[in-house]
Amino acid sequence: MPAPTSDAEVIIVGAGPVGLFTALRLGQAGISVVVLEKDGGLSQFPRACMFYPQVQFALDDARIYNDLIEKGGGFRTTGLDIRLPPLLNSDGSKKPGQLVASFPKEDADEFRPEGPPRRPLDGTPAISMLNIPQSRMCQVLMDKAIGTGQVQVLFRKEFISIESDGTVQGAEGVAIAVKDLVANIESTYTASFLIGADGGRSRTRSLLGIPFPGHTWPEKLVATDVWLSNEEGGPITTTLLMDPVHYTILSPLSPPVPGAVSKWRCTFALDPEDLKSKTDEDFLLESYIAQHYDRAWVGPRPVSYKIDRKATYTVHQRLAATFKKGRCLLAGDAAHVNNVIGGLGLSNCLLDSVALCGSQ
């Protein structure tokens, strides 16, 4: 095995949003970081796309919020609606279902989609969401992190094993084995700390022997990025549709303009009974997905749509027994996972970065 490399104070496994946001925060503090990612580039799957105010404040504090708007195409929407599914009209079209609840919205005359995030300094209970696909957020985070001059992001680097986790008394760092998937060569990386931000199936957590108790829900989710026409009475902000089986979330990926076509994230739950006889490929058939657009979207029939991306997801509820062992730490989905419906998955995970980077 080649000689160890030790050109960073912190090694982060995983170039997802948590790993990259942590790298950015550490880089801004003058701490050298190397981020290792097994894949050949940033993930383009339809994952998180909406972020609550607490995360917006953290992004603003890290001086990245404006970049997400200007370079990543992010924008704010205000409020969050909870409705019953659309209802059938006599002409075959569908109208909005009953509004069950709604988060307070900012005053329409004062609301600005470009921000900045609104802090509740005046006692106003209004809430806003930052809407940006995870893939675009990651690109902006990576560019900004590398721009600190303290961060390297290395792709096609597979984390193989932990040679030293820092638990031995007097240990001043960690050492891990990493395989270069292009050159097919293994080498040792050393640093003061290791952060595992490598997702729900975290190899870091597994190698550290940290239990991940909890359960897996019987439902699966289908997430789609889709272009839809914004019809009269249709959603203008993130909207949850209540349903005992196919609960759904609609969240805008581009500013929703009434009467125009815009991009939406439409995520819906599958019937656990269907999982017994159908495969993921069945659930990703356009004919199947179209049935759910018909169920969830308002306006004339048939629904006109164009799908950009689609994927299935398993829903977990798990929490690592500890987030720290020796000089190794867990963050994001590597440490905890929950149902992503409602936007609390990555929002919670990004706050791990705030806690990690603020630790002494």
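Our structure's up above, just so we're on the same page.
What comes next is a walk through the structure. (Residues numbered from 1 in each chain as written. Predicted model: local features only at pLDDT ≥ 70, side-chain atom pairs only at ≥ 80, totals over all residues. Heavy atoms only, no water.)

Quick look at helix α7 (residues 286-296)
Our working definition: The rule is simple: take the accessible area with a 1.4 Å probe, protein chains only, and divide by the maximum for that residue type; under 20% is buried, over 50% is exposed, in between is partly exposed. Where helices and strands are cited, they refer to DSSP runs of H or I of at least four residues and of E of at least two residues respectively, numbered from the N terminus. As used here, the arc belongs to the directions running from the helix axis to the C-beta atoms.
Here α7 has its buried residues at Tyr-288, Ile-289, His-292, Tyr-293, Arg-295 and Ala-296. With its buried residues spanning 160 degrees around the axis, α7 presents them on a single face. Seen from the buried face of α7, the exposed residues on the opposite side, beyond 90 degrees, are Ser-287 and Gln-291.

Description of the sheet that holds strand β11 (residues 157-164)
Within a beta sheet, neighbouring strands are joined by backbone hydrogen bonds and run either parallel or antiparallel to one another. Short version of the rule: In this analysis, strands are considered paired if DSSP registers two or more bridges between them. Note on definitions: angles span 0 to 180 degrees between N-to-C directions of axes, and those axes are lines fitted to C-alpha atoms, for helices only across the stretch in contact.
Read from one edge of the open sheet, 3 strands run β11-β12-β13, paired in antiparallel fashion. The open sheet has two edge strands with one neighbour each: β11 and β13 (185-191). Direction aside, the axes of adjacent strands within the sheet are offset by 30 degrees on average.

Structural notes on the packing of aromatic side chains
Basically, it comes down to this: Between 30 and 60 degrees the pair is tilted, below 30 it is stacked and above 60 it is edge-to-face, where a pair is any two Phe, Tyr or Trp rings, Trp via its six-membered ring, whose centres lie within 6.5 Å. To sit over a ring, a charge needs its Lys NZ or Arg CZ within 6 Å of the ring centre and within 35 degrees of the ring normal.
Throughout the structure, instances matching the rule amount to 3 aromatic pairs. With 5.3 Å between their ring centres and 70 degrees between their planes, Trp-264 and Trp-297 make a pair best called edge-to-face. Here the residue Trp-264 occupies a position in strand β18 (residues 261-269), and Trp-297 occupies one in the loop between α7 and β19 (305-319), the gap between them amounting to 33 residues. Both residues of the pair, Trp-264 and Trp-297, belong to the buried class. One residue, Arg-205, lies across the ring of Phe-212, its end atom 3.6 Å from the ring centre.

Quick look at the sheet that holds strand β22 (residues 336-337)
Selection rule: The contact definition used throughout considers only heavy atoms, calling two residues in contact when any of these lie within 4.5 Å.
Reading across from one edge, β8-β5-β16-β17-β18-β15-β19-β22 is the order of the 8 strands in this open sheet, with mixed pairing throughout. Of all strands in the sheet, those bounded by a partner on one side alone are β8 (99-103) and β22. Sheet topology note: the strand β17 (residues 248-252)/β18 ladder contains 5 bridges and is antiparallel. Bridge pairing in β18 links Thr-248 to Phe-268. Of the strands in this sheet, β15 (214-229), β16 (239-241), β17, β18 and β19 touch α7, which is tilted by about 85 degrees from β19.

A few points about empty space enclosed by the protein
Rolled over the atoms, a probe with the dimensions of a water molecule shows which regions are left empty. Applied cut-off: Two kinds of site are reported from a 1 Å grid over the protein atoms alone, namely cavities, where a 1.4 Å probe fits but cannot get out, and pockets, open sets with protein on both sides within 12 Å along at least five of seven lines, and residues are called lining when an atom falls within 4 Å of a point. Grid points are joined across faces, edges and corners, and a volume is the space filled by probe spheres set on the points.
All chains considered together, the criterion is met by 1 cavity of 30 Å³ or more. Taken as a whole, the largest cavity spans an internal volume of roughly 30 Å³. In terms of lining residues, the largest cavity is bounded by Gln-44, Phe-45, Pro-46, Arg-47, Ala-48, Pro-133, Gln-134, Ser-135, Asp-225, Arg-265 and Arg-309.

Let's talk about the nonpolar core
The condition is simple: Take the buried Ala, Val, Leu, Ile, Met, Phe, Trp, Tyr and Cys residues and link them wherever side-chain atoms come within 4.5 Å; each set so joined is a nonpolar core.
Core analysis: the largest hydrophobic core is formed by 38 residues, its most contacted members being Leu-59 and Ile-64. Secondary-structure elements contributing two or more residues to this core are β1 (10-13), α1 (17-28), β2 (33-37), α2 (53-61), α3 (65-70), α4 (134-146), β10 (151-155) and α8 (344-357). Once residues within four sequence positions are removed from consideration, Leu-59 is found in contact with Phe-21, Ile-64, Tyr-65, Leu-68, Leu-130 and Met-137. Core analysis: the second largest hydrophobic core is formed by 21 residues, Val-34, Leu-36, Leu-194 and Leu-208 among them.

Remarks on the packing of α1 against α8
Where we set the bar: Roughly parallel means an angle under 35 degrees; roughly antiparallel means over 145; roughly perpendicular covers 65 to 115; every other angle is labelled oblique. Take the far helix as the reference: if the near one is turned anticlockwise from it by less than a right angle, the crossing is left-handed, and if turned clockwise, right-handed. For this scheme, ten residues count as nonpolar: Ala, Val, Leu, Ile, Met, Phe, Trp, Tyr, Cys and Pro. Four count as charged, namely Asp, Glu, Lys and Arg, and the remainder, Gly too, count as polar.
For the pair α1 and α8, the least separation of the axes is 9 Å and the interaxial angle reads 30 degrees. What the angle tells us is that α1 and α8 run roughly parallel. In the packing of α1 onto α8, the handedness of the crossing is right-handed. Note on element contacts: α8 touches α1 through Leu-346, Cys-349, Leu-350, Ser-353, Val-354, Leu-356 and Cys-357, opposite Pro-17, Val-18, Phe-21, Thr-22, Arg-25 and Leu-26. Residue composition of the contact of α1 with α8, grouped by class: 10 nonpolar, 2 polar and 1 charged.

Some details on unusual backbone geometry
Backbone torsion omega between Arg-301 and Pro-302 reads 0 degrees, so that peptide bond is classified as cis. Phi angles above zero are rare outside glycine, and Asn-184 is one such case at about 60 degrees. Mapped onto the secondary structure, Asn-184 falls in the loop between β12 (174-180) and β13. Overall, Asn-184 belongs to the exposed group, its relative accessible area being 53%.

By themselves, these figures tell us nothing about what the structure is for.
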